[in-house]
Amino acid sequence: MTRFSSRRRTTFAVAATATAAVALLGGVPAVASASTTETSTPVVIAAPDGTTMSYILNTKVANPGQTRLVEKAVAQAGGVVVQSWPQIGVVVAHSQRAAFRDDVRAAGGNALASVGATRTAEVLEGTPAAAQAPWGPGASDYKKGANKPTNGDVEAPTTPAETTDVREGEQWDMKMIKADQAHAVTDGSRNVLVGVLDSGIDPDHPDLQPNIDVASSVNCTDAGRPDTSATGWNPTTSDHGTHVAGTIAAPRNGVGIVGVAPNVRMAAVKVVSDEGFIYPEYAVCGFVWAGEKHMDVTNNSYYVDPFEFWCGDQPDQAAAKEAVGRAVAWSTKQGVVHAAAAGNSAYDLSDKTKFKDPGSPNDTTPVLRTINNDCHDIPAELPGVVTVSSATRTGALSSFSNRGLGVVDVAAPGSSILSTIVRNNGYGTKSGTSMASPHVAGVLALMKSVHPELTPEQMVAKLRADATDTACSVASGPACVGSPEDNSYYGEGMVDALKAVS
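Predicted model only: the values in this text are computed from it and were never measured.

### Some points on the overall build of the protein chain
Logical step 1: Along the protein chain, the regular secondary structure elements total 10 helices and 23 strands.
Logical step 2: In the protein chain, which comprises 502 residues, the proportion classed as buried is 62%.
Logical step 3: At a minimum sequence separation of 6, the contacts of the protein chain that also span at least 24 residues come to 76%.
Logical step 4: Surface summary for the protein chain: the accessible area is close to 17,200 Å², and the carbon and sulfur share equals 54%.

Next up, the structure:
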């Protein structure tokens, strides 16, 4: 048994319904959720007649036959199928009927394990025309610019593009993780493809364009339906994905900066809408797409909206969490390893009974929620995902970083990170666990370049074993617990790019 597979958090699974019905993925029962001491605060998701709402439906067995039965149930209940993923038994549907959830449960019978609304707000992007909704495409009250708050990432002043001045010397973060030394071994293989699940990648930035795999890029924000149009994956309202991409794989080309893995390819998998939301159906699309394209690594610098924590004892939330979990598990089976940001709320994720969630749902009116240990930040807390905390230039835990013994796998630099931005094809600094995670994704890409035979599980085990043991530091928020070998702030320690290529 590897060190990774023995971790407590890898054993949780999502109850498919409020009555803890067992969901099956490919016929294999999921592990039942652990009992909790207190019920999480319910969030009633209203779905008035005439308002287009989005739903995720999970079949009891992931196969085409049961998926087709659930598709028929959607139609019988007055909905339309937006996208089906038979390989994981997930159907995305829209409906304008208040009774849709009750009616589809009745129509779905034994084929349906769970159904849940994916948002507390109406579908702003409308229903894709290909779904042939009787109410037509588009949504009422669409408001461009009604962006949700950022996930805690902090921006600093930007600087213009540099066409002659190489800024690699400013990248203290690369030295901290020994990426500069790893580059003496390899800059990465062109055979390795990293999926950047984010807000898109600037297609003409001179420090990114050479490494963008356009054919493998996609936009998943059209209600969770893959959009392969030429510019669908381009950034629109956010340069977050562009900044993340530079850290992963800005090429060594004499321009600007150098990424952790400067010779690997990247695919832009756009999962962030113009309003700044990453809804479950977008994430499911992104993870399945990564698996279908046989990507090697994905980076996930976000949490799935509209809940910072998705609770297994709430039916709507449980269904969405189950669907995202299935997508992650399936893509992992296809050979994809996933890195994810731990989050920027300075929470101890190992015991959620010690704090409340004040900001969810973030697409309508938040409520102060009591949560429990069956509530999870996804995808960061899903089984098999590498959860990354953030460190400062001195190596201390960043004050904003989430932490948690048995939750955090490794740490990486995340405060004041210089990388690429969209404006003027320039450069800027941002802070957040969003900036830490791509360092780890880059290290995994280097590892895969040198060790193409490794499975995702083996890669995670090596990543954790290679990490530099880091003793507890002092930071605001919950105190550090554990040993230098494994603690709540750094997990197994600071990620090490040099050992990854050994």
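### Comments concerning the pattern of salt bridges
A side chain with one charge may pair with a side chain of the opposite charge, provided their charged atoms come close.
Logical step 1: All chains considered together, the criterion is met by 19 salt bridges.
Logical step 2: The residue Arg167 makes a salt bridge to Glu170 at a minimum N-O spacing of 2.9 Å.
Logical step 3: In this structure Glu170 comes out as partly exposed when scored by relative accessible area, which is 40%.
Logical step 4: The residue Asp496 makes a salt bridge to Lys178 at a minimum N-O spacing of 3.1 Å. Of this pair, Asp496 sits in the loop between β23 (486-487) and α10 (497-500) while Lys178 is found in the loop between α3 (172-176) and α4 (179-182), placing the two residues 318 residues apart along the sequence.
Logical step 5: Residue Asp496 is classed as buried on the basis of its relative accessible area, which comes to 2%.
Logical step 6: Each of Arg119, Glu125 and Glu281 takes part in a single network of salt bridges with overlapping partners.

### Looking at helix α8 (residues 433-450)
Logical step 1: Compared with the 26 Å implied by 1.5 Å per residue over 18 residues, the 26 Å span of α8 between its first and last C-alpha is a close match.
Logical step 2: In terms of burial, α8 is a largely internal element, 17 of the 18 residues being buried.

### Some details on the packing of aromatic side chains
Logical step 1: A full pass over the atoms with the stated rule returns eight aromatic pairs.
Logical step 2: Measuring from centroid to centroid gives 5.3 Å for Phe277 and Tyr279, while their planes differ by 15 degrees, and the two rings are stacked.
Logical step 3: The class for Phe277 is buried, based on a relative accessible area of 6%.
Logical step 4: For Tyr279, a relative accessible area of 4% corresponds to the buried category.
Logical step 5: Considering the side-chain rings of Tyr489 and Tyr490, the 6.3 Å spacing of their centres and the 65 degrees angle between planes classify their relative orientation as edge-to-face.

### Here we look at the packing of helix α6 (residues 280-292) against helix α7 (residues 315-333)
Logical step 1: Running from amino to carboxyl end, α6 crosses α7 at an angle of 10 degrees, the nearest separation of the two axes being 8 Å. Comparing the axis directions of α6 and α7 gives the class roughly parallel. Like other packed secondary-structure pairs, α6 and α7 cross with a definite hand, here left-handed. Taking contact as the criterion, the partners of Pro280, Val284, Phe287, Val288, Gly291 and Glu292 in α6 are, on α7, Ala320, Ala323, Val324, Ala327, Val328, Trp330 and Ser331.

### Quick look at the sheet that holds strand β18 (residues 386-391)
Logical step 1: One open sheet holds the eight strands; their spatial order is β10-β9-β11-β8-β12-β14-β18-β19, and the pairing between them is mixed. The two strands at the open ends of the sheet, each matched to only one other strand, are β10 (225-227) and β19 (410-413). The sheet shows a mean angle of 30 degrees between the axes of neighbouring strands, direction not considered.
Logical step 2: In the sheet, strand β9 (residues 218-222) pairs with strand β11 (residues 265-270) via two bridges, with the strands oriented parallel.

### Observations regarding the packing of helix α1 (residues 64-76) against helix α2 (residues 100-108)
When two helices pack together, their arrangement is given by the angle between the helix axes and the distance between those axes.
Logical step 1: Running from N to C, α1 and α2 cross one another at 135 degrees; their axes reach a closest spacing of 8 Å. Here α1 is positioned oblique relative to α2, judged by the angle of their axes. Once α1 is placed against α2, the crossing between them reads as right-handed. Facing α1, whose interface residues are Ala73, Val74 and Gln76, α2 presents Phe100, Val104, Ala107 and Gly108.
Logical step 2: A class-by-class count of the residues in the contact of α1 with α2 yields five nonpolar, two polar and no charged.

### Description of the pairing of strand β3 (residues 53-59)
Logical step 1: A large share of β3 lies buried, amounting to seven of its seven residues.
Logical step 2: Two strands pair when backbone bridges link them, and β3 and strand β5 (residues 90-95) are joined in this way by six bridges, in the antiparallel orientation. Looking at the pairing, Leu57 lines up with Val91 of β5.
Logical step 3: Pairing of β3 with strand β6 (residues 112-117) involves five bridges; the strand directions are antiparallel. Following the sheet pairing, Leu57 is matched in β6 by Val115.

What counts, and where the lines are drawn
Residues numbered from 1 in each chain as written. Predicted model: local features only at pLDDT ≥ 70, side-chain atom pairs only at ≥ 80, totals over all residues. Heavy atoms only, no water. Helix = DSSP H or I, 4+ residues; strand = E, 2+ residues; numbered from the N terminus. Buried < 20%, exposed > 50% of the residue type's maximum accessible area, 1.4 Å probe, protein only. Contact = heavy atoms within 4.5 Å. Areas by Shrake-Rupley, 256 points an atom, 1.4 Å probe, with all protein chains shown as cover. Salt bridge = Lys/Arg side-chain N within 4 Å of Asp/Glu carboxyl O. Expected span 1.5 Å × (residues − 1). Phe/Tyr/Trp six-rings, centres within 6.5 Å; stacked < 30°, edge-to-face > 60°. Axes fitted to C-alpha atoms, helices over the stretch in contact; angles between N-to-C directions. Parallel < 35°, antiparallel > 145°, perpendicular 65-115°, else oblique. Left-handed = near helix turned anticlockwise from the far one by under 90°. Pairing = 2+ DSSP bridges. Nonpolar A, V, L, I, M, F, W, Y, C, P; charged D, E, K, R; others polar.

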